[in-house]
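Tertiary structure, described
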Amino acid sequence: MANQTYRVGIIGCGGMGRSHSRSWEPISEAQVVAAMDIFEESAKRVADEYDIPATYTDVDEMLAKEDLDIVSITTWQGPRAEATVAAAKAGVKGIIGEKPMAASLGQADAMIAACEENNVKLIIGHQGRYAPANIETRRLVAAGAIGEPTTVHHRAKQHAGLLNTGTHAIDGWRFILSDPETLWVIGQTSRTTDRWERRTICEDLCMGLVCFEGGARGIYEGDLPDPNDAMPKIAGTEGQIRNGPDGTLLLQNGDAKGWQTITPPPEPKNQFQELIEWIEGNISDHRGSGRQARYTLEIMMAIYESLRIKNVVNMPMETKELPLELMVNDGTLPILEEGRYDLRTPFEGQTWKR
């Protein structure tokens, strides 16, 4: 397959569709030949900006006409599974989807099954796996620089939603811990307002405690009250690592007094280049594979599921629907403050609120 030019299509021409179009440009083996969005003007805007020859408003039409090798699926999370399954059945070789992988575990499983049945390489855009600081943290932890890992922590930025920014944070935990299995999750969630995020039901606040294989705990805080506590990036039995200024890491352990400043080496590859390597068989797996992304989605779903079952969620989790939606629909989480609002893209007639 050397010297092949891969025909790439973009599905979803909002901000991330523009970002993917820009990311494909410097890759000589790939050419973006088609852009699709249900809003024709969005597809045309991206096509004009990145010199893409064809535009579509229908996924199936684009897949039927363009003989694509790779698609970037940069829609909101709700329709991502349907587009992924359609692309896999249409015979593409690779798919890169944005995060979160999907809006439920069942959707994620449908995506993985369709790709595996059709020999399609599926990756999800957790680009933190290419950040030099994360790669160096993973290496240090694996080398025993902080002993046995004990805690990782993330306090999300306000008004983001678990499925939005939580996916990068939790996937980042898994990456720096060398992608361990998840043993169990316990969580708490509140939703008293009619809050949505990119047309998926969203919580008002949540927290989760995640236990990984080996015993390390992940602590997730989303829209919890102040005060904030500046926790380390990762702590262990013999030290801790924090993020330093300008992409550096700060390491504290028993080998030296005080803090050591570490400058991570640059990472030459990105997820787009690695997808082509994976398609061509030059690597056995992709660090951002759909299977890895499913673990991250499962943890987020389990935070909601813990409230639904009022207990610890032992992994693997069996509920395939979005637990938050199940609780809203069955009255477990009644709306106490009327007025539907979306954090990212207002509903028609929405009066903005937090």
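Let me begin by describing the structure that accompanies this report. All of these numbers come straight from a predicted model, not from anything done at the bench. (Residues numbered from 1 in each chain as written. Predicted model: local features only at pLDDT ≥ 70, side-chain atom pairs only at ≥ 80, totals over all residues. Heavy atoms only, no water.)

Further remarks concern the environment of Ile146. Along the chain, Ile146 turns up in the loop between α6 (132-142) and β7 (149-155). When residues no more than four places from it in sequence are discounted, the contact partners of Ile146 are Val141, Ile234, Ala235, Gly236, Thr237, Glu238, Gly239, Gln240, Ile241 and Leu251. (Helix = DSSP H or I, 4+ residues; strand = E, 2+ residues; numbered from the N terminus. Contact = heavy atoms within 4.5 Å.)

Spatially, nine strands are ordered β16-β15-β14-β13-β7-β12-β11-β8-β17 in an open sheet, and the strand pairing comes out mixed. Both outer strands of the open sheet, β16 (260-262) and β17 (313-314), are each paired with one neighbouring strand and no more. In this sheet, strand β12 (residues 217-222) lies alongside β7 in parallel orientation, the contact comprising five bridges. Bridged to Thr151 within β12 is Arg217. Its contacts with the sheet place α6 against β7, β13 (234-236), β14 (239-243), β15 (249-253) and β16, and it is angled at close to 15° to β15. Against the sheet, helix α9 (residues 290-309) makes contact with β8 (182-190), β11 (205-212) and β17, and its axis sits at roughly 65° relative to β8, the strand it touches most. (Pairing = 2+ DSSP bridges. Axes fitted to C-alpha atoms, helices over the stretch in contact; angles between N-to-C directions.)

With respect to topology, six strands assemble into an open sheet ordered β3-β2-β1-β4-β5-β6, the strand pairing being parallel. Two strands in the sheet have a free side with no partner beyond their single neighbour: β3 (54-56) and β6 (121-124). For this sheet, the mean angle separating the axes of adjacent strands, direction not counted, is 25°. In terms of strand pairing, strand β1 (residues 6-11) meets strand β4 (residues 70-73) through four bridges, oriented parallel.

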